[in-house]
Amino acid sequence: MKNITRLTALISGTLLAGGMLFSSCTDSFESMNIDPNGVTDEEMDRDNLRTGAFFTQMQRGVFIVGKDEGGTYQVCQMLTGDIFASYFANIKASYDNVGSHHHDHYAMADHWYNMPFNRAYTDVMQPWAEIVKHTEETSVDRAMATVVKVFAMSRITDKYGPIPYSKFGTDINVAYDSQQEVYNQFFTELDNSIDVMQSYQESNGKPYMEKYDFVYQGNVAKWLKMANTLRLRLAMRISYVDETKARTEIQKALNAPCGLMATSGDDAYLNQSSTFAFTNPIYEVTRSFNDLRMSATMDCYLNGYNDPRLKSYFVAATSTGEYHGVRNGLTSGFTSYPDITSAANFNSDSNLPWMHAAEAWFLQAEAKLRFGLGSAEVKDLYEEGIRTSFASAGVTGADSYIQSTATPSTTWVDPRNNQNINVGSMLSNLAIAWDNNANNNTKLERIMIQKWIALYPDGQEAWSEMRRTGYPGWIRISTYSYASGVSNNEMISRIQFPSTEFSNNSANAQEAVQLLGGQDNAGTRLWWDVKR
């Protein structure tokens, strides 16, 4: 118990990034049934007690879950990713500490843009550092934790740009890395982690940290597939700004013995269990809080395509039984929308999606289309992505859908007043069926439409891909009057560096703005965002 006490005490001090505070990991022990008496060093190592609780804390911190954390998830994910991807739109008139103009209007609110950064270092980076303290470089504990770290922190750098990363834990005031440097370290860390896990899988293959892993229950083979798919995701992200590096990492992913995520059985979820329960935050925000609803963009794509995933993704409006969305950037009529628009189709005890296998197929389709990498045909990879997405959504009809010539709705009907708004020029007006005679840009656009649909509910990843490729088209927010540096008709490019960093880590925060290469506002594009 002396060891556990020492570890938890370490997490009560000052976080080594910008002077922020981090929380105790003791909450992670609530459902572990650990005997607090007589734990020996040997038992600590044998049962992963030194590292397991920290690993669970990291998993809770990627998409934040926990008691009274629904609002935190809303700010860190839904209001800084999901609305930017046009998955959801706001229907709440005003928020405490923020007011009526905020991220859904591309207006920066420091209460919101501070939170994802601060919580990532509290809930992911610090417990990872504790795992590193108590493991060897070749330990599976560290390898699995590092994959989770890269997964989580790739989302943070893709929100802000430069972040403190390589020097984390070296000083109270930590310097930032450029986004290129961060990505290069991601690839190195994935190399090392995959090598360690692959060696373990080939020599042992038994579940590892099973009691503490609520994603794959210690299945190292599935962690390998996810890590390799994550490598492919990150490689494609940099493909327009550093094609040479991207090609190298894509080829590694395609050649890896562990393979890629391929079926719905490979999907990564944060799973509920009798020892690990939480209120699903997407349910909480859209159905309990009634703060967000399906967006008008999602409305036009899913209804226009007559997409069977519509009823899997969303619930019918309570007053009409129909599926309708709201335009982002709403400035009036808030009270009219809750009963006539669609909330997300999650229950309070639903598992929380992390990553779907369908993404791997769409990534491979793009790699083949643009670089000729891989052996399968682009058409086959594209169609397998759709089939896998249907399987993950639990719906049928993929083969008919793949042949469909339906196109998105070019008119969005505002359910509040039945006003018809012509949005055809904003959306990607392509049929679902593959067209081998189309040019490569059109082929890529078609891939990205279906990828955008398949990535749901992870709007953070969808927003990143929309910035990277410019696809698919999306319905513009209703007004740009409150936007922070974003030009009319443009998509928001990032969120600002936290105000807490300028207070607590001022010199390094100022240097981060220089690394950003533009003003610290929502209009400055990230390093990899060069195509749009």
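Numbers given to residues run from 1 along each chain, matching the order in which its sequence is written. pLDDT decides what is reported in this predicted model: residues at 70 or higher carry local features, side-chain atom pairs at 80 or more are listed and counted, and totals for whole chains, interfaces and linings draw on all residues regardless. Each side-chain value is worked out from all heavy atoms of the structure, with water and hydrogens disregarded.

Student: Go over the overall build of the protein with me, naming the residues and quoting the values.
Tutor: Scanning the protein for helices and strands turns up 20 helices and 6 strands. Using C-alpha atoms as the atom set, the radius of gyration is obtained and then compared with a globule rule of 2.2 Å times the number of residues to the power 0.38. Taking 2.2 N^0.38 as the reference for a compact globule, 532 residues should give roughly 24 Å; the C-alpha atoms of the protein span a radius of gyration of 22 Å, in line with that estimate. When accessible area is computed with a 1.4 Å probe and restricted to protein chains, residues below 20% of their type maximum are described as buried, those above 50% as exposed, and intermediate ones as partly exposed. Across the 532 residues of the protein, 62% fall into the buried class. Only the protein chains shown count as covering a residue, and every accessible area follows the Shrake-Rupley method with a 1.4 Å probe. Of the roughly 19100 Å² of accessible surface on the protein, a fraction of 43% belongs to carbon and sulfur atoms. Residues scored as positive are Lys and Arg, those scored as negative are Asp and Glu, and His as well as the terminal groups of each chain are ignored. Throughout, a charge is located at the NZ atom of Lys, the CZ atom of Arg, the CG atom of Asp or the CD atom of Glu. Once the 44 positive and 59 negative side-chain charges of the protein are each reduced to a mean point, those two points are 3 Å apart. Numbered from the N terminus, helices here are DSSP runs of H or I no shorter than four residues, and strands are runs of E no shorter than two.

Student: So what's going on with the packing of aromatic side chains? Which residues, and what values?
Tutor: Centre distance within 6.5 Å is the pairing criterion for rings of Phe, Tyr and Trp, where only the six-membered ring of Trp is used; planes under 30 degrees apart are then read as stacked, over 60 as edge-to-face, and the remainder as tilted. Taken as a whole and assessed by the stated rule, the structure comprises 33 aromatic pairs. Here F117 and Y160 contribute two aromatic rings whose centre-to-centre distance is 5.5 Å and whose plane-to-plane angle is 80°, an arrangement assigned as edge-to-face. Of the two residues, F117 is situated in helix α6 (residues 115-133) and Y160 in helix α7 (residues 140-160); the sequence distance between them amounts to 43 residues. Judged by relative accessible area, which is 0%, F117 ranks as buried.

Student: How would you summarise the nonpolar core if you had to cite specific residues and measurements?
Tutor: By size, the foremost hydrophobic cluster in this structure holds 161 residues, and its most contacted members are W223, F314 and W354. Per-element accounting of this core gives the leading share, 12 residues, to α7. The contact partners of F314, leaving out residues within four places of it in the chain, are Y87, F88, M294, M298, L302, Y323, S342, A343, A344, N345 and Y456. Formed by 7 residues, the second largest nonpolar core is a distinct cluster that contains A89, V326, F334 and I340. The definition of a nonpolar core used throughout is a set of buried Ala, Val, Leu, Ile, Met, Phe, Trp, Tyr and Cys residues joined through side-chain atoms within 4.5 Å. Whether two residues touch is decided by their heavy atoms; if any such pair falls within 4.5 Å, the residues are in contact.

Student: So what's going on with the confidence of the model for the protein? Residues and values would help.
Tutor: Atom-level detail of predicted coordinates should not be read off regions where pLDDT is low. Every residue gets a pLDDT, meaning the predictor's confidence in that residue, from 0 to 100. Residues with a pLDDT of 70 or more make up 91% of the protein, whose mean pLDDT is 92. Of all secondary-structure elements in the protein, the lowest mean pLDDT belongs to helix α1 (residues 2-10), at 34, while helix α17 (residues 440-455) reaches the highest, 99.

Student: Could you give an account of the environment of W223, with specific residues and numbers?
Tutor: With respect to the element layout, W223 can be found in helix α9 (residues 220-237). For W223, a relative accessible area of 0% corresponds to the buried category. Considered as a pair, W223 and Q198 are 25 residues apart in the sequence and their alpha carbons are 9.8 Å apart. Residues within four places of W223 in sequence aside, it is in contact with F55, Q59, M144, V147, V148, M197, D213, V215, Y216 and W354.

Student: Explain empty space enclosed by the protein to me, and be specific about the residues and the numbers.
Tutor: Detection works on a 1 Å grid of protein atoms alone, calling trapped sets that fit a 1.4 Å probe cavities and calling open sets with protein on both sides within 12 Å along at least five of seven lines pockets, with lining residues defined by an atom within 4 Å of a point. Grid points are joined across faces, edges and corners, and a volume is the space filled by probe spheres set on the points. For the structure on display, the rule yields 5 cavities of 30 Å³ or more. Considered as a void within the structure, the largest cavity measures approximately 160 Å³ in volume. Put simply, the parts of the chain that give the lining of the largest cavity at least two residues each are α3 (52-62), α4 (70-82), α6 and α7. Residue polarity follows a fixed list, in which Ala, Val, Leu, Ile, Met, Phe, Trp, Tyr, Cys and Pro are nonpolar, Asp, Glu, Lys and Arg are charged, and the others, Gly among them, are polar. Across the lining of the largest cavity, the residue classes break down as 10 nonpolar, 2 polar and 3 charged.

Student: Tell me about the environment of G517, residues and numbers included.
Tutor: Along the chain, the position of G517 falls in the segment after α20 (506-516). Spatially, the C-alpha atoms of G517 and R142 are 34 Å apart, while their sequence positions differ by 375 residues.

Student: Please provide a residue-by-residue account of helix α15 (residues 378-393), values included.
Tutor: Given 3.6 residues to a turn, an α-helix orients residues that are three or four positions apart in the same direction. Compared with an ideal rise of 1.5 Å per residue, which puts 16 residues at 22 Å, α15 spans 23 Å between its outermost C-alpha atoms and is within 8% of the ideal. Those residues of α15 that sit buried are V378, L381, Y382, E383, G385, I386, T388, S389, F390, S392 and A393. Where α15 ends, the next residue or the one after it, G394, has phi of about 75°, a positive value. By this rule the span expected of a helix is its residue count minus one, scaled by 1.5 Å.

Student: How would you summarise α4 if you had to cite specific residues and measurements?
Tutor: Spanning 13 residues, α4 covers only 15 Å between terminal C-alpha atoms, well under the ideal 18 Å at 1.5 Å per step. The buried count for α4 comes to 12 of 13 residues, which makes it a mostly enclosed element. Of the positions making up α4, those classed as buried are G70, T72, Y73, Q74, V75, C76, Q77, M78, L79, T80, G81 and D82.

Student: Hey, could you go over the packing of α7 against helix α8 (residues 179-203) for me, with residue numbers and the actual values?
Tutor: Here an axis means a line fitted to C-alpha atoms, over the contact stretch when the element is a helix, while the angle between two N-to-C directions is reported on a 0 to 180 degree scale. Running from N to C, α7 and α8 point in directions that differ by 155°, and their axes come no closer than 9 Å. One way to sum up the angle between α7 and α8 is to call them roughly antiparallel. Considering how the two elements wind past one another, α7 and α8 form a crossing that is left-handed. Contacts between α7 and α8 involve V140, A143, M144, T146, V147, K149, V150, M153, S154, T157 and D158 from the former and Q179, V182, Y183, Q185, F186, E189, L190, S193, V196, M197 and Y200 from the latter. In terms of residue class, the contact of α7 with α8 is made up of 13 nonpolar, 6 polar and 3 charged. Should an angle lie under 35 degrees it is considered roughly parallel, over 145 roughly antiparallel, and from 65 to 115 roughly perpendicular; all remaining angles are considered oblique. The hand of a helix crossing depends on one turn: near helix anticlockwise from the far one by less than a right angle means left-handed, and clockwise means right-handed.

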